[in-house]
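# Architecture and fold: a report
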Amino acid sequence: MTRLDWLSQPARALHGNVRVPGDKSVSHRSMMLSALAEGRSHIRGFLEGEDTRATAAVLQKLGVRIETPSEGERIVDGVGLHGLRGTAQALDCGNAGTGMRLLAGLLAGQAFDSTLVGDESLSKRPMRRVTEPLAAMGARIDTQDGLPPLRVHGGQPLKGIRYTLPVASAQVKSALLLAGLYAQGETEVIEPHPTRDYTERMLAAFGWPIEFEPGRARLSGGHRLRATDVEVPADFSSAAFFLVAGSIVPGAELRLPAVGLNPRRTGLLQALRLMGADIAVENQRESGGEPVGDLIVRHAPLHGVELPEALVPDMIDEFPALFIAAAVAQGRTVVRGAAELRVKESDRIATMAAGMKAIGARIEETPDGAIIEGGALRGGEVDSHGDHRIAMSFAVAGLVAQEPIRIADCANVATSFPGFMELANGCGFDLHAA
Ligand SMILES: O=C(O)C1=C[C@@H](OP(=O)(O)O)[C@@H](O)[C@H](O)C1
Ligand SMILES: C=C(OP(=O)(O)O)C(=O)O
């Protein structure tokens, strides 16, 4: 991938409508379930990001016909639960932990062998969290010391298990539920803290009998998925950068239409409100079985908080953005219980701490979080380490720093948020390739 650096400079005010792209989690799942369903599914609002396109490309390699009538639209001719065809080619998940972990569960139930590979960052992410419980179901998956590539052996009979997740992870839960479609008997997943329930909701929408409530999901093998149409909401995690930007830039007022508001995703909304943010939700409605609404954010002075640990799983991808809000808030913010941040696209605690120190913020790393003292940001040079959420978070910081912020290694923003720069500049950022 060609290296891309950014320069983000102070803006005057932010105004306008910001239409963020489709939800990444929902897009991955819509592609997988449509592929395994019987009949033709129509997906609208599909995220045109590298992560979700990689998932679509994997399914195409496995024999699924997918058409793209227009941007954000996919028509998928499902092959049925047992209709995928094996391939000797490696299946490339790119940068996507979600893609690789969910596909590991899905492929564990197939008659053929497959190999899942990823980019440099994904190749360092822990996979035992899925391969161990899948092995308990009867799957055979080889790893390189717990890391990708994953060699999934087909033709293994699976049996359902009851599994209590050691860490809150929607990816692990979803991998087990997808394997559970192919298992004999009941698969039940119990979570220490409830996580996003898109797999459960979508399985139900595709006609698979499933029981679920926050913290627990249960299904049996031996049913069928029926094609259906999926409306993907706008991604709250992408909206998050604009919620922080709108909160910290004096005079800002931004409207973010039709954002997915699944309660397992909106922890940052609560966190920012605890810090004094002015964010209104208008026009709340349901779309494609998910709550959505328009978010209106206006500048407000923020103050530090002791972040309630219960919010952590509901805002797991929003910590880089929250750290920037905390860096310019008045007083101290304390984050605990977020050790999972260390095994994302980068070690997000270490990467944020290094970058924030480089631009004059005061942050102390802890094993499972950070202590941040609010103040002024000086500006300077930071390295995103190829982590999309870190790159976008420092772009937001650049809005209020005294000097420009130069951000290294930003090309991976295209994994989750293609067009971020254009949207940002459209509402008043001053963000350019450097
Ligand atoms: O299931 C999903 O779609 C996701 C779950 C989360 O990961 P974990 O399950 O590892 O917490 C999140 O960080 C990721 O961006 C998307
Ligand atoms: C952690 C993330 O995604 P994934 O695990 O799918 O790579 C993310 O998008 O912040």
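Parameters at a glance
- Residues numbered from 1 in each chain as written.
- Chains lettered and ligands numbered in written order.
- Predicted model: local features only at pLDDT ≥ 70, side-chain atom pairs only at ≥ 80, totals over all residues.
- UniProt positions renumbered as here; feature names shortened; annotations may be inferred.
- Near = placed C-beta within 6 Å.
- Nonpolar A, V, L, I, M, F, W, Y, C, P; charged D, E, K, R; others polar.
- Domains from an automatic or database assignment.
- Pairing = 2+ DSSP bridges.
- Helix = DSSP H or I, 4+ residues; strand = E, 2+ residues; numbered from the N terminus.
- Axes fitted to C-alpha atoms, helices over the stretch in contact; angles between N-to-C directions.
- Core = buried A, V, L, I, M, F, W, Y, C linked by C-beta atoms within 7 Å.
- Buried ≥ 20, exposed ≤ 12 C-beta atoms within 10 Å, placed from the backbone.
- Contact = placed C-beta atoms within 7 Å.
- Right-handed = clockwise from strand over helix to strand, strands pointing away.

The name that an unreviewed UniProt entry assigns to the protein chain is 3-phosphoshikimate 1-carboxyvinyltransferase, with the source organism given as Dyella marensis. Recorded under Subcellular location (unreviewed entry), the UniProt text for the protein chain is reproduced unchanged: "Cytoplasm". Here is the UniProt Catalytic activity (unreviewed entry) comment for the protein chain, exactly as written: "3-phosphoshikimate + phosphoenolpyruvate = 5-O-(1-carboxyvinyl)-3-phosphoshikimate + phosphate".

A few words on the site of ligand 2. Taken together, D51, A96, G97, T98, D317, K344, E345, R389 and S416 form the complete shell of residues around ligand 2. Class assignment of the residues belonging to the shell around ligand 2 gives a composition of one nonpolar, three polar and five charged. In terms of domain composition, the shell around ligand 2 takes at least three residues from each of domain 1 (6-22 + 234-433) and domain 2 (24-219).

Right, let's talk about the sheet that holds strand β22 (residues 405-408) for a bit. With mixed pairing, the four strands of this open sheet are ordered in space as β21-β22-β1-β23. The sheet is open, and its two edges are formed by β21 (380-383) and β23 (430-433), each paired on a single side. For this sheet, the mean angle separating the axes of adjacent strands, direction not counted, is 20 degrees. Judged from the four bridges that link them, strand β1 (residues 6-9) and β23 form a sheet pairing that is antiparallel.

Below, the discussion takes up the nonpolar core. Counting 80 residues, the largest nonpolar core has A239, V244, A245, F323, A325, A395 and V396 as its most contacted members. Setting aside its immediate chain neighbours within four residues, V244 contacts A321, I324, A325 and V396. Ranked by size, the runner-up nonpolar core spans 63 residues in total, among them Y163, L203, I210 and V232.

For the rest of this paragraph, the subject is the environment of R298. Topologically, R298 is positioned in strand β17 (residues 290-298). Given 14 C-beta atoms within 10 Å, R298 falls into the partly exposed group.

To continue, consider the site of ligand 1. Close to ligand 1 lie S25, T98, S169, A170, Q171, S174, R196, I316, D317 and E340, which account for all nearby residues. No other element matches the three residues that helix α5 (residues 170-180) contributes to the shell around ligand 1. Among the residues forming the shell around ligand 1, the class breakdown is two nonpolar, five polar and three charged. Taken domain by domain, the makeup of the shell around ligand 1 includes at least three residues from each of domain 1 (6-22 + 234-433) and domain 2 (24-219).

This part is about unusual backbone geometry. Note the cis peptide between P148 and P149, where omega equals 0 degrees. Its location among the elements puts P149 in strand β9 (residues 147-153). Even without being glycine, A258 reaches a positive phi, approximately 55 degrees. Its location among the elements puts A258 in strand β15 (residues 253-260). For H385, which is not glycine, the phi torsion reads 55 degrees and is therefore positive. Along the chain, the position of H385 falls in the loop between β21 and α11 (388-397). By the C-beta count within 10 Å, which is 19 here, H385 ends up partly exposed.

Within a regular beta strand, the side chains point alternately toward one face of the sheet and then the other, so they alternate between its two faces. What you see with strand β7 (residues 114-117) is a clean split: S114 and L116 sit on the buried side and T115 and V117 on the side with no burial. Sheet topology note: the strand β6 (residues 91-92)/β7 ladder contains two bridges and is parallel. Bridging from a neighbouring strand, D92 pairs with V117 of β7. The parallel pair β6 and β7, bridged by helix α3 (residues 97-108), forms a crossover whose chirality is right-handed. Across three bridges, β7 lies against β9 in antiparallel orientation. Looking across to β9, one finds that T115 is bridged to R151.

Our focus in this paragraph is the UniProt feature "binding site: phosphoenolpyruvate" (unreviewed entry) in the protein chain. Residues annotated in UniProt with the feature "binding site: phosphoenolpyruvate" (unreviewed entry) correspond here to K24, G97, R125, Q171, R348 and R389. Locating K24 in the fold gives a position in helix α1 (residues 24-36). The exposure class of K24 is buried, given the 24 C-beta atoms found within 10 Å. With residues near it in sequence (within four places) discarded, K24 still touches L47, G49, D51, T52, D235 and S416. Here R125 shows up in the loop between β7 and α4 (128-136). If we skip the residues at most four places from it in the chain, R125 touches G97 and V343.

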